Amino acid sequence: MTQTYTSGDGPETYAKGLTRGMRWRVMASIVGGTAWIIFFLLFVAFVPAGLTLFQSIVVIIASILAIGAILGAMWAAYGMRYADLSTSSH
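Thresholds applied
Residues numbered from 1 in each chain as written. Predicted model: local features only at pLDDT ≥ 70, side-chain atom pairs only at ≥ 80, totals over all residues. Heavy atoms only, no water. Helix = DSSP H or I, 4+ residues; strand = E, 2+ residues; numbered from the N terminus. Buried < 20%, exposed > 50% of the residue type's maximum accessible area, 1.4 Å probe, protein only. Contact = heavy atoms within 4.5 Å. Areas by Shrake-Rupley, 256 points an atom, 1.4 Å probe, with all protein chains shown as cover. Patch = residues over 30% accessible without salt bridge, like charges linked within 9 Å, V, L, I, M, F, W, Y side chains within 5 Å. Salt bridge = Lys/Arg side-chain N within 4 Å of Asp/Glu carboxyl O. Polar contact = N/O pair within 3.5 Å; in protein donor to acceptor, adjacent residues only side chain to side chain.

## Some points on the overall build of the protein
Summing up its helical and strand segments, the protein has two helices and zero strands in all. Sorting the 90 residues of the protein into buried and exposed places 13% on the buried side. In the protein, of all internal contacts separated by at least 6 residues, the share reaching a separation of at least 24 is 69%. As presented, the protein carries roughly 7000 Å² of accessible surface, and 73% of it is formed by carbon and sulfur atoms.

What follows is the structure, given as structure tokens:
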């Protein structure tokens, strides 16, 4: 299936939509990754005295899952919006 354009929308307009949607997601991914690394370093430097090693590992894993879920949801929405559905042979 080929991408169709309506009333003056050409490939350039479609490409601008792709890059605009990607631009803020890339920036959010960089900021999110940097924020997680800062969190990790601060957490390791100032580990709360009341936490065991296992509890500290759980906090780190939970933070990885949280940032992964946030970034994954952002990128999944982008991927679903611009997915090429031409693989079906109807």
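## Focus on a nonpolar patch on the surface
Together, Leu53, Ile57, Ile61 and Leu65 give the surface a local cluster of nonpolar side chains, amounting to about 420 Å² of exposed area. Within the element layout of this structure, Leu53 appears in helix α2 (residues 53-81). Residue Leu53 is classed as exposed on the basis of its relative accessible area of 66%.

## Let's talk about the side chain of Arg25
With respect to the secondary-structure elements, Arg25 resides in helix α1 (residues 11-45). A relative accessible area of 4% means that Arg25 is categorised as buried. Once residues within four sequence positions are removed from consideration, Arg25 is found in contact with Met74, Trp75, Ala77, Tyr78 and Arg81.

## Focus on the environment of Gly21
Locating Gly21 in the fold gives a position in helix α1. Judged by its relative accessible area of 9%, Gly21 falls in the buried class. Note: C-alpha distance between Gly21 and Trp75 (54 residues apart in sequence) is 9.7 Å.

## Brief notes about the side chain of Ser63
Of note, Ser63 is situated in helix α2. Overall, the relative accessible area of 14% leaves Ser63 in the buried class. Polar contacts involving the side chain of Ser63 include one to the main-chain carbonyl oxygen of Ile60, which spans 2.7 Å. Discounting chain neighbours no more than four positions away, the residues touching Ser63 are Trp36 and Phe39.

Keep in mind that these numbers describe shape and distance, not what the molecule does.
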